[in-house]
Amino acid sequence: MPRRLRVRKSGPWTRHVARARRRLAAGRPGEAAREYRRACRLADSKGADQAVRSALRQRLGLALLKAGRGRDALRALTEACELLAGVDAGAAVEQVEQYALTLDTLGLVRRDLGLLAAAEKSHREALKRLRQIGSQEDAVRVAVNLAVAVKDQGRITEARGLLEDILPAARRGDRPEPLGHVLLTLGLVHELLNNPDSAERLAREAAEAYAAAGNKESEAAATHNVGRALDAQGRHTEAIECFVVSLAINQEIGAELGVSDDLGALASLFQLTGEHGEARRLHERALAIQRRAGYRRAVVSTLSDLGLLARDEGDFPLARRHLQEALKEAETLADPHMVYEARVLLAETSMVEEDYERARVAYLAAAEAIGDARRALLDEADAVTFFSESRLDALDMLVRLSLHLHDRTGALEWADAARGQELVRRLALTALPAPPGPPEAILAEEARARHRLRVLEGDLRGGGSADAASLTAHRETLTVLRRLEDRLGEEAPEYVSMRRGERLGWNGIAALLAPAGANRPREEAELDDTPISPAAGSRSDGRAGETSPGVVSGPPGRLVLAEYYVTDHETFVFGVTADAPEPQVVTVEVTRAELRELAEEVRGTLSGERAGLGRLLADDRLVRLLAPVVQWAGPGDVVYLVPHDALHLLPLHAVPVGGGPLIDRNPVVLVPSASVLRYCQAKRRTRRETALIVADPPAEHPLAFAREQALAVSAEFGGQGVPAAAQATREALIARLAEPGGAPDVIHFATHGVFDPMEPMRSGIELAGGRLTAEDILGLRLDVDLVTLAACETGVSERRPGDELIGLTRALLYAGAPSALVALWRVDELSTSMLFGRFYAALRAGASKAEALRQAQLWLRDRTIADALEYARGARSRLAGDPRALAVVRLEEARLHLAAGDFPAAAGLFGNLVDHPELDEEQREVAEVGMLQARLAMDVGGEPNLNVPAFADPYHWAPFELIGDWL
């Protein structure tokens, strides 16, 4: 969007300039170019000064560009810049301004011709010159053009940063046109990031700004972009209306490139509705304009559409010719997005022809192209948003094709590669144990370079990306790091593979399941089946000598990994053991839509009365998905589950198989992917001697059993202190964990958890001094063995395309924790407190984390009401100084008596709490309802039964999952 320069001196050329302006106003840019060329010849022959001659060539270049003659425009603009090449920073302001704006126009032409690196160079130099002379409005315009050149090279984060940096200044300006430029381009960035709502809003605002400025050409461009955003949302009728309006404007002003864009967009929509003849006619019209203008990016899109048309009509040779030509152009442009789309279209054509090997080669190349595009995104949020489901087509088809070609190993590798790619890339930058062998000096240099890279990525994340020095430093640091990795590669290939976030192959996945006995802290421990006193960790002797069902004593069996891959048509279950020559694969006829519907039903049940969870978990579809796991894993084997899609939201360990839940027979651990597991195992620690226990939620949301739970955990770690609220603030915790060597072996949070579905990285743990968010945790380095979040919904994550899970679990793994214990839903205070007393007793006795959780969950499931009342009585004695906590404990006791059929005791307890000042309104309502229920039931009579299981419903024992390393 250049600004046309004034020709500051009159002469014989002036009348040609006036004619050219009239031709442009009449929408005849080709005739205008002829007049400007005559003006240039006259100025040259009359010896006009260089500024005049350059300005005339700049105007000629703009007219040629508008007429669709890009290569001629490039020659004219190159000559215009050469005439001013001697202008330096000390020249007059007018000369510097003219040179900068001419450079900017040259950059635009270079960009349209696909010379993106050269375009970026021109725009950067122009921007530097304009900032030197303080030309704010022109600097905004040029910064926008620079952002477009950067965006077109796939560096979307950098482009977004450039635009967001200048947007405030554009909004403060007096003229609407520069604001329109920023908004229009920012809308294009959001379109690339798969935010069509934001893209539409920004494009509409840009169109309004251009209309106010009277800039019809740019108004048409913005209206066209509104249509694109509407098309992406499936609002095709509205999109057509926008394209028709844009086409009318472009035809009126003679903007041929705009006309070609509108024709192509309309043709694509006709193609969608099956009107192939009209679609082809419009595409061919657009292609003729684009080729004449050298508008190569548009040529790629139009050729791709023509290839699709030919394919749909069964003309495969013609389809392949169009698509091969589109790919060649895309590769010349070095645009990874276009390369990916062209390769996917070629692969799909081979699929229709049933040439499956050829299709696999094309899909492999497409996967590499989309990987290149992702790696160019510095900001994690941009990289995660970038992946739409359609941009994962290549990976999905590689899974399917590999299975079709009986390549189970390849199918598993691609299924694993299709999930959490961005998390793997970020984990590759985190602290890892140094490998043995390489010289310490090289490892130290590599560590410094990696730290600098993380600092630079933090600086460039989200904004400030206009700092060219930081971007240059980032690229240089990355180059240094790659060279160091090359030097380390011979002696530490596995370490380098992890550092580069490389795709984990079959041998690597199987190696993760090798026996870990030599690295285990102690022999597997088994606890007797007795309640635990949270005050001192002592056991009641009321049920001594019994054991939890199915507990495995001694070392564990094998490690078995079951990885799920959910599609629109079925679900594939891959089974892996260390000694198997290839994975096993079972196809289960359960679709993505079915699982999402079931997960939503589970969520609704848990947010309501909570009854019926066991029935939902016994759904035949879930049972069939877990059935292969029972075949592959013997009793006592540790089972790694790798969920996919909606399966992340379901407690798979609680699904009944063979008469009981999976954890009856196997310890269960979950991981986002096998590739992520590699990093968790690399960070494995064997010390479990120290603990940081945080148990003071905000005063406005107290938890009666939080302190009780903390005392139980503290007792298991030798009575280590529990920080008071003043020492357990967000700021204090961040400061402590940031101290070198300040991290304990275990961190346990007994407080409120919050999942924010709108901003998942704002999810967190409520502390006395504010929320500790997932974003906060990302900035920490957690050299710990385990982080436990004994709080509501701490294991819930937002699933993005590519199975990227955004939330607390991701943050904990990224910060360095090899294992995290988190909850899928809102948990009950009493049962949670009892569960974690048991869990830490088993853990400290030598059990693995997976086995300790299994023992604790099964133990809790079998606790009777008598056991729970005993625990509550002990809690009352330890909470004597806290009247509110005592009241809540009494409320729990009343509920237990009601459940046991001890109605007189329940009625009395509830009655004492109906007006209790320490309870909130909701709790008093619970007491009143309970009192009425108990009194009504008293009339029925019956003997109380305190041996009824108190927590048999999975709601109580199944919410917690172990994520990461099992050991």
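Residues numbered from 1 in each chain as written. Predicted model: local features only at pLDDT ≥ 70, side-chain atom pairs only at ≥ 80, totals over all residues. Heavy atoms only, no water.

S.K.: What is the right way to read the overall build of the protein chain from this model?
M.R.: Scanning the protein chain from N- to C-terminus turns up 41 helices and 17 strands. Counting only residues that meet the buried cut, the protein chain has 58% of its 967 residues in that class. Contacts in the protein chain between residues far apart in sequence, at least 24 positions, make up 72% of those at least 6 positions apart. Carbon and sulfur atoms make up 50% of the accessible area of the protein chain, which amounts to about 37,200 Å² in all. (Helix = DSSP H or I, 4+ residues; strand = E, 2+ residues; numbered from the N terminus. Buried < 20%, exposed > 50% of the residue type's maximum accessible area, 1.4 Å probe, protein only. Contact = heavy atoms within 4.5 Å. Areas by Shrake-Rupley, 256 points an atom, 1.4 Å probe, with all protein chains shown as cover.)

S.K.: Teacher, can you tell me more about the pattern of salt bridges here?
M.R.: The final tally for this structure, using the stated rule, is 81 salt bridges. Put simply, R69 and D72 hold a salt bridge, and the shortest N to O gap is 3.2 Å. Residue R160 pairs with E164 through a salt bridge whose shortest N-O separation is 3.3 Å. Taken together, the positions of R160 and E164, both in helix α8 (residues 156-172) and four residues apart, correspond to about one turn of that helix. When salt bridges that share partners are traced, they join E446, R450, R482, E485, D486, R499 and R500 into one network. (Salt bridge = Lys/Arg side-chain N within 4 Å of Asp/Glu carboxyl O.)

S.K.: Is there a simple way to think about the packing of helix α4 (residues 70-83) against helix α5 (residues 93-112) in this case?
M.R.: How two helices pack is summed up by the angle between their axes together with the distance between the axes. Packing of α4 against α5 leaves a shortest axis separation of 9 Å and a crossing angle of 155°. On the basis of their axis angle, the class for α4 and α5 is roughly antiparallel. Note that α4 runs across α5; the crossing there is left-handed. Across the interface between the two elements, G70, A73, L74, L77, T78, A80 and C81 from α4 touch Y99, T102, L103, T105, L106, V109 and R110 from α5. (Axes fitted to C-alpha atoms, helices over the stretch in contact; angles between N-to-C directions. Parallel < 35°, antiparallel > 145°, perpendicular 65-115°, else oblique. Left-handed = near helix turned anticlockwise from the far one by under 90°.)

S.K.: Hey, could you run me through the packing of aromatic side chains in this one?
M.R.: When we look at a pair of aromatic rings, we describe it by the centre distance and by the angle of the planes. Applying the stated rule across the entire model yields five aromatic pairs. For the pair F836 and F839, a centre-to-centre distance of 6.1 Å together with 85° between the ring planes defines the contact as edge-to-face. Remark: F839 and F836 occur in helix α35 (residues 829-844); sequence separation between them is three residues, near one turn of the helix. Taken together, the ring pairs connect F717, F836, F839, Y840 and F960 into an aromatic cluster. A cation sits over an aromatic face here: R503 above W414, 3.9 Å from the ring centre. (Phe/Tyr/Trp six-rings, centres within 6.5 Å; stacked < 30°, edge-to-face > 60°. Lys NZ or Arg CZ within 6 Å of the ring centre and 35° of its normal.)

S.K.: For this particular structure, what's the right way to read α35?
M.R.: For the α-helix, the turn length of 3.6 residues means that residues three or four positions removed from each other point alike. In this model, α35 (16 residues) spans 23 Å end to end at C-alpha, consistent with the 22 Å of a helix rising 1.5 Å per residue. Across the 16 residues of α35, 14 count as buried, placing the element largely inside the fold. Taking the backbone nitrogen of L830 as reference, a side-chain oxygen 3.3 Å away marks D828 as the first, capping residue of α35. Positioned one or two residues after α35, G846 has a phi angle of 120°, which is positive. (Expected span 1.5 Å × (residues − 1). Polar contact = N/O pair within 3.5 Å; in protein donor to acceptor, adjacent residues only side chain to side chain.)

S.K.: Would you mind going over the packing of helix α38 (residues 883-900) against helix α40 (residues 921-938) with me for this structure?
M.R.: Interhelical geometry of α38 versus α40 gives an angle of 30° and a closest axis separation of 11 Å. One finds that α38 runs roughly parallel with respect to α40. As α38 runs across α40, the sense of the crossing is left-handed. Each of R884, V888, L891, R895 and L898 in α38 lies in contact with α40, whose residues at this interface are Q923, V926, A927, Q933 and A934. Class assignment of the residues belonging to the contact of α38 with α40 gives a composition of six nonpolar, two polar and two charged. (Nonpolar A, V, L, I, M, F, W, Y, C, P; charged D, E, K, R; others polar.)

S.K.: Sorry if this is basic, but what is going on with a negative patch on the surface here?
M.R.: On the surface, D915, D920, E921, E922, E925 and E928 cluster together into a negatively charged patch. Tracing the chain through its elements places E925 in helix α40. (Patch = residues over 30% accessible without salt bridge, like charges linked within 9 Å, V, L, I, M, F, W, Y side chains within 5 Å. Lys, Arg positive; Asp, Glu negative; His and termini not counted. Charge placed at Lys NZ, Arg CZ, Asp CG, Glu CD.)

S.K.: How should I be thinking about the sheet that holds strand β10 (residues 752-754) in this particular structure?
M.R.: Strand order in this open sheet of three strands is β10-β11-β12, and the pairing throughout is antiparallel. Strand pairing shows two members of the sheet lacking a second neighbour, β10 and β12 (770-773), which therefore form its edges. On average, each strand axis in the sheet is inclined to that of its neighbour by 35°, with strand direction left out of account. In the sheet, strand β11 (residues 764-767) pairs with β12 via four bridges, with the strands oriented antiparallel. Bridging from a neighbouring strand, I765 pairs with L772 of β12. Packing of helix α32 (residues 730-738) onto the sheet brings it into contact with β11 and β12, and relative to β12 it is tilted by some 35°. (Pairing = 2+ DSSP bridges.)

By themselves, these observations are geometric and do not establish any function.
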